[in-house]
Amino acid sequence: MRIGNKLKIRLSGFLCLSFFLLFAFKSLASVDSQAQPPFVEDRWEQIFSKDGIDVYSQKVPDSNILAFKATGTLNAPIEQIMEVLRRVEIAKEWMPDIEVKYMVKEFSDLDGITYSVNKLPWPFSGRELLLRNELRLDRQKKYLIVDIFSVEDASFPVAKGNVRAFMHMGQTCMRPVGKERTEILFVFYLDPEGYIPSWLANMKQKELPYDFLRSLEEKAATTHFQLRPAFQNYLDQLNAILEN
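Small disclaimer: the values here were computed from a predicted structure and weren't measured.

### Comments concerning the pattern of salt bridges
(1) Moving on: Summed over the entire model, instances satisfying the criterion amount to 15 salt bridges.
(2) Moving on: Two residues, arginine 132 and aspartate 111, come together in a salt bridge whose shortest N-O distance is 2.8 Å. Here arginine 132 is found in strand S6 (residues 126-138), whereas its partner aspartate 111 is found in strand S5 (residues 111-118), with 21 residues between them in sequence. Side by side, arginine 132 and aspartate 111 carry an identical accessibility label, which is buried.
(3) Moving on: Among the charged side chains, a network of salt bridges with common partners joins Glu83, Arg86, Arg87, Glu106, Asp109 and Arg228.

In structure tokens, the structure reads:
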């Protein structure tokens, strides 16, 4: 992964820690309903294509911050991608420049909230995120979909010197392509808040989807974690759908 300067590395780490934080399920039943995203599917504009990953952006109404989408196929099995994303304790091994990341509330293996901080270079304050993550099986689209969004918790006020960023909406869609590859589609609309100019945030974020997916691929291609039963349950259901 090649990144041009220190600010870009910092911003890359900020997005990485915020987006694929962990997998969570509301229940062991499949859920197909969801909130409508703040963008229109046929209005994505392609920014670039590199190494099989296509990156797009879209203007969000009433905002200067762009939404981004990336699609591609990673050379890593879906089981390892799921476990790498879920294991908060190994985040620093592959997510660039994370200052702090830990589980705030773990309702079960399948449901939790994480807190994370990424320090940005002067003159920008550190950005922190408090995120809920929920994974569902979309039977119609034939994907496992992770819905990610910011939450409020009075017991976790913004730390002194930091700015609380806001994830308006994020989705990570995935399905296996054979045993060793995984098709990925992810979209996010994340506002860093504070005093980072929107033009700068947009400029730096445009390559972050590619950088993140490549980092995830490199890590998941080397791990051999046992897939937890709850994840296996959903994956078995998805595989059955894909076979029909």
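### Some points on unusual backbone geometry
(1) Moving on: Phi is positive for aspartate 51, which is not a glycine, with a value near 50°.
(2) Moving on: Its location among the elements puts aspartate 51 in the loop between strand S1 (45-50) and strand S2 (53-59).
(3) Moving on: Residue aspartate 51 is classed as exposed on the basis of its relative accessible area of 53%.

### Thoughts on the pairing of S5
(1) Moving on: The buried fraction of S5 amounts to eight of the eight residues, a majority that puts the element mostly inside the structure.
(2) Moving on: Burial along S5 is two-sided: Asp111, Ile113, Tyr115 and Val117 facing one way and Gly112, Thr114, Ser116 and Asn118 facing the other are all buried.
(3) Moving on: Where strand S4 (residues 100-108) meets S5, seven bridges bridge the pair, whose relative direction is antiparallel. Across the sheet, the residue bridging to glutamate 106 is glycine 112, located in S5.
(4) Moving on: Hairpin connection from S4 to S5: two residues lie between these consecutive antiparallel strands.
(5) Moving on: Here S5 runs beside S6; their pairing, made up of seven bridges, is antiparallel. Counted as the bridge partner of asparagine 118 is arginine 127 from S6.

### Structural notes on the side chain of glutamate 83
(1) Moving on: Looking at the secondary structure, you find glutamate 83 in helix H2 (residues 78-86).
(2) Moving on: The class for glutamate 83 is buried, based on a relative accessible area of 0%.
(3) Moving on: Ignoring sequence-local partners within four residues, the contact set of glutamate 83 consists of Phe225, Gln226, Leu227, Arg228 and Phe231.

### Here we look at the environment of glutamine 226
(1) Moving on: By the element assignment, glutamine 226 lies in the loop between helix H5 (208-220) and helix H6 (229-243).
(2) Moving on: As a C-alpha pair, glutamine 226 and glutamine 80 span 146 residues in sequence and 8.3 Å in three-dimensional space.

### A word on the nonpolar core
(1) Moving on: Of all hydrophobic cores here, the largest spans 43 residues; its most connected members are Ile81, Trp94, Leu144, Met174, Phe212, Leu213 and Leu216.
(2) Moving on: Looking at which element gives the most residues to this core, the answer is H6, with six residues.
(3) Moving on: Core analysis: the second largest hydrophobic core is formed by 14 residues, Trp44, Tyr56, Ala67 and Leu120 among them.

Parameters at a glance
Residues numbered from 1 in each chain as written. Predicted model: local features only at pLDDT ≥ 70, side-chain atom pairs only at ≥ 80, totals over all residues. Heavy atoms only, no water. Salt bridge = Lys/Arg side-chain N within 4 Å of Asp/Glu carboxyl O. Helix = DSSP H or I, 4+ residues; strand = E, 2+ residues; numbered from the N terminus. Buried < 20%, exposed > 50% of the residue type's maximum accessible area, 1.4 Å probe, protein only. Pairing = 2+ DSSP bridges. Contact = heavy atoms within 4.5 Å. Core = buried A, V, L, I, M, F, W, Y, C linked by side-chain atoms within 4.5 Å.

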